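Each chain is listed here by its residues.
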Amino acid sequence: NEDWPRPGKFQVRLASRRQPLPLDRRRASGHRAFSQAEELRRDQKPGAALPLYQEALHDFQASGDRERLGPAFYRLGDLLYGLGRNKKARDQLFEAAHQFAGSADEAMADNKLGSVYEALGESGRAFAMLNQAQAIAERFGDRIRKAGGLNNLGSFFQGQGRLEESLNAFASALEEWR
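The structure presented is a predicted model; accordingly, all values stated were derived computationally and were not measured. (Residues numbered from 1 in each chain as written. Predicted model: local features only at pLDDT ≥ 70, side-chain atom pairs only at ≥ 80, totals over all residues. Heavy atoms only, no water.)

Now for the environment of Ala147. With respect to the helices and strands, Ala147 occurs in helix α7 (residues 143–159). With 63 residues separating them in the primary sequence, Ala147 and Gly84 have C-alpha atoms 24 Å apart. Once you skip the residues sitting within four places of it in the chain, Ala147 turns out to touch Ala173, Glu176 and Trp177. (Helix = DSSP H or I, 4+ residues; strand = E, 2+ residues; numbered from the N terminus. Contact = heavy atoms within 4.5 Å.)

Time to look at unusual backbone geometry. Backbone geometry at Gln44 places phi at a positive 60°, although glycine is not the residue there. Considering the arrangement of structural elements, one finds Gln44 in the loop between α1 (22–42) and α2 (46–63).

This paragraph deals with helix α6 (residues 123–140). For α6, spanning 18 residues, the distance from its first C-alpha to its last is 26 Å, which sits close to the expected 26 Å at 1.5 Å a residue. Contact partners of the buried residues in α6: α5 (105–119) and α7. Once α6 ends, the next one or two residues include Gly141, with phi positive near 65°. (Expected span 1.5 Å × (residues − 1).)

Tracing the backbone through its elements, the reader meets Gln92 in helix α4 (residues 86–100). If we skip the residues at most four places from it in the chain, Gln92 touches Leu57, Phe73, Leu76, Gly77 and Leu80.

As a further point, take the packing of α7 against helix α8 (residues 163–177). Two numbers describe how α7 lies on α8: the axes approach to 8 Å, and their chain directions differ by 165°. In this view, α7 runs roughly antiparallel relative to α8, as classed from their interaxial angle. Crossing angle aside, the handedness with which α7 passes α8 is left-handed. Residues Arg143, Ile144, Lys146, Ala147, Gly148, Leu150, Asn151, Leu153, Gly154, Ser155, Phe157 and Gln158 of α7 form the contact with α8, whose participating residues are Leu163, Glu165, Ser166, Ala169, Phe170, Ser172, Ala173, Glu175, Glu176 and Trp177. Partitioned by chemical class, the residues of the contact of α7 with α8 number ten nonpolar, seven polar and five charged. (Axes fitted to C-alpha atoms, helices over the stretch in contact; angles between N-to-C directions. Parallel < 35°, antiparallel > 145°, perpendicular 65-115°, else oblique. Left-handed = near helix turned anticlockwise from the far one by under 90°. Nonpolar A, V, L, I, M, F, W, Y, C, P; charged D, E, K, R; others polar.)

Here the focus is the environment of Gly47. Tracing the sequence through the fold places Gly47 in helix α2. Sequence separation of Gly47 and Asp105 is 58 residues, and the distance between their C-alpha atoms is 25 Å.

Mean pLDDT over the protein chain: 91, with 91% of residues reaching 70 or higher. Per-element averaging of pLDDT across the protein chain places α8 at the bottom with 92 and α4 at the top with 96. (pLDDT = per-residue confidence, 0-100.)

Attention now moves to the pattern of salt bridges. Evaluation of the coordinates by the stated rule reveals 15 salt bridges. Among the salt bridges present, the one from Glu176 reaches Lys146, with a minimum N-O distance of 3.7 Å. Residue Glu176 is found in helix α8, and its partner Lys146 is found in helix α7; the two are separated by 30 residues along the sequence. Here Glu176 and Lys146 have matching classes, each one buried. Several salt bridges share partner residues, and in doing so they unite Glu138, Arg143, Lys146 and Glu176 into one network. (Salt bridge = Lys/Arg side-chain N within 4 Å of Asp/Glu carboxyl O. Buried < 20%, exposed > 50% of the residue type's maximum accessible area, 1.4 Å probe, protein only.)

Structure representation (structure tokens):
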């Protein structure tokens with residue numbers, strides 16, 4: 001094949017390495033803290049993970065690492081929700097949704113926001129967020145997030161005593177998973 005290089009000697013030049021800048025160190029510190037928080041979360045130690053997620057978020061903000069802001073806000077909000085700190089969770093998840101705007105990940109944040117609003121007793125906002133999440137997942141063709149959102153809608157309807165709608169949402173979620 002003519003596209004393949006011919007056998008022989010090749011010279012490889014590596015770009016010169018520069019010394020890491022303070023922002024590089026800050027970004028690396030954020031990634032390290034985030035990884036440690038994820039490990040603690042998997043080990044069922046949310047209290048120990050919380051300050052590490054906060055540190056990671058602070059480092060990502062300080063270093064300008066916009067790519068990691070959405071995941072950091074989301075994980076922090078999700079953890080706070082799991083700890084029952086719903087008002088703080090709402091603020092973090094709202095920021096996550098903003099960071100994820102224009103991507104399928106926005107549906108994930110909106111779904112969780114719907115659950116948080118429900119826990120806060122704001123059923124109107126909860127329903128609106130859950131529906132918005134469905135529209136976003138649909139727009140991106142993201143069946144996994146759509147199924148997760150339908151499952152959340154099923155739980156929402158169940159909590160509202162709307163059992164027929166709950167059953168329909170759960171059945172739709174199951175169909176999306178298949």
